[in-house]
Amino acid sequence: MPDLRSVHGLLLASSGEQELRRFERHWTTADITDEELLTSDLYYFGAYQQRELYLALDPDIHWIEVNFTSQKALQSQIIGTDGKSYRKMELYREGDAVPEGSIVVEGAWDHEHCTFCMNRIDEEHIGYTSTTTYWADNWACAWCYRNSVEPHDPRPLLTNYADR
Ligand SMILES: [Zn+2]
């Protein structure tokens, strides 16, 4: 809703020429009447964006600004479902165990991606990271942080990347 109240439910796909789609309301964050639902401009976020919605909306999730610096990565080889060998990189934290067959590579963890728009966050770009338990280690680029996370308004996340 324009005032950031939200309704969660299931929007069923229409079949063929149907012009109406059925919406099953599951829960709302506040009392939203059917009339409001039918007469308001609604912003639609799909199911796969739920995590992003929580991250942007929840004022209890704490974020800090980070000047990204390259860090050590744990490098290992994995065999893909196609039978080929691939290099796998994970962030290495000091004190982590190094499993057999893995090596620690200095500076190889050289970027993160914004959780919201996948924008690259590296030594050239400031980023923000969530520090609240359970939601920790999510990253936001400066645009997504200033426009959505800080004001707790997920609607700007629907802006086309080219229009930012
Ligand atoms: Zn972003």
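Being a predicted model, the structure only gives us computed values, none of them experimental. In this convention, every chain numbers its residues from 1, walking through the sequence in written order. Predicted model: local features are reported for residues with pLDDT of at least 70 only, side-chain atom pairs are reported and counted for 80 or more only, and whole-chain, interface and lining totals are derived from all residues.

Caption draft 1: Quick peek at the overall build of the protein. Put simply, DSSP marks the helices as runs of H or I at least four residues long and the strands as runs of E at least two long, and each gets a number from the N terminus on. The helix and strand inventory of the protein stands at three helices and 10 strands. Each helix and strand of the protein, ordered N terminal to C terminal, gives the series β-β-α-α-β-β-β-β-β-β-β-β-α. To get the radius of gyration, use the C-alpha atoms; to get the globule rule, take the number of residues to the power 0.38 and multiply by 2.2 Å. Over its C-alpha trace the protein gives a radius of gyration of 20 Å, far above what one expects of a compact globule, namely 15 Å for 164 residues. In terms of overall dimensions, the protein has a C-alpha envelope of 60 × 40 × 30 Å along the principal axes. The exposure label follows from counting other C-beta atoms within 10 Å of a residue's C-beta, where the C-beta atoms are placed from the backbone and the thresholds are 20 or more for buried and 12 or fewer for exposed, leaving partly exposed in between. For the protein, the residues scored as buried account for 15% of the 164 residues in total. In the protein, the share of contacts with a sequence separation of at least 24, taken over all contacts with a separation of at least 6, comes to 55%. Placing C-beta atoms from the backbone, we regard two residues as in contact once those atoms come within 7 Å.

Caption draft 2: Quick peek at the pairing of strand β9 (residues 127-130). For two strands to be treated as a pair, DSSP must find no fewer than two bridges joining them. Relative to β9, strand β3 (residues 63-66) runs antiparallel, the two sharing four bridges. Following the sheet pairing, E65 is matched in β9 by Y128. When β9 meets strand β10 (residues 139-141), the two strands line up antiparallel, connected through three bridges. Considered in β10, the bridge of G127 is made with C141.

Caption draft 3: Looking closely at helix α2 (residues 50-57). All of the buried residues in α2 are E52, L55 and A56. All buried residues of α2 fall inside an arc of 95° around its axis, so they share one side. For α2, the secondary structure elements touched by its buried residues are β9 and α3 (142-149). Here the arc refers to the directions that run from the helix axis out to each C-beta atom.

Caption draft 4: The arrangement of the sheet that holds strand β4 (residues 71-79) in detail. If you trace the three strands from one edge of the open sheet to the other, you get β5-β4-β6, paired in antiparallel fashion. The open sheet terminates on both sides in strands that have one partner only, identified here as β5 (85-91) and β6 (103-109). Ignoring strand direction, the axes of neighbouring strands in this sheet form an average angle of 45°. The pairing of β4 with β5 spans seven bridges and is antiparallel. Bridged to L74 within β5 is E90. Between N-to-C directions, angles span 0 to 180 degrees; the directions come from axes that are lines fitted to C-alpha atoms, helices contributing only their stretch in contact.

Caption draft 5: Broad picture of α3. Along α3, the positions that sit buried rather than exposed are C144, Y145, N147, S148 and V149. Its buried side turned inward, α3 meets α2, β3, β9 and β10.

Caption draft 6: Molecular detail of the sheet that holds β3. Read from one edge to the other, the open sheet built from three strands follows the order β3-β9-β10, with strand pairing classed as antiparallel. This sheet does not close on itself; its edge strands, each paired only once, are β3 and β10. Pairwise comparison of adjacent strand axes, ignoring direction, gives a mean angle of 30° for this sheet. Of the strands in this sheet, β3, β9 and β10 touch α3, which is tilted by about 95° from β10.

Caption draft 7: Inspection of the environment of V66 at higher detail. In this structure, V66 sits in strand β3. With 81 residues separating them in the primary sequence, V66 and N147 have C-alpha atoms 17 Å apart.

Caption draft 8: Representation of the nonpolar core in the model. In this usage, the nonpolar core is the set of buried Ala, Val, Leu, Ile, Met, Phe, Trp, Tyr and Cys residues whose C-beta atoms join them within 7 Å. Judged by nonpolar contacts, the single largest core of 13 residues is most densely connected at C114, F116, A140, C141, C144, Y145 and V149. Going through the elements one at a time, α2, β10 and α3 are the ones with two or more residues in this core. Among residues more than four places away in sequence, those in contact with F116 are E52, A140, C144, S148 and L157.

That's the geometry; what it means functionally is another story.
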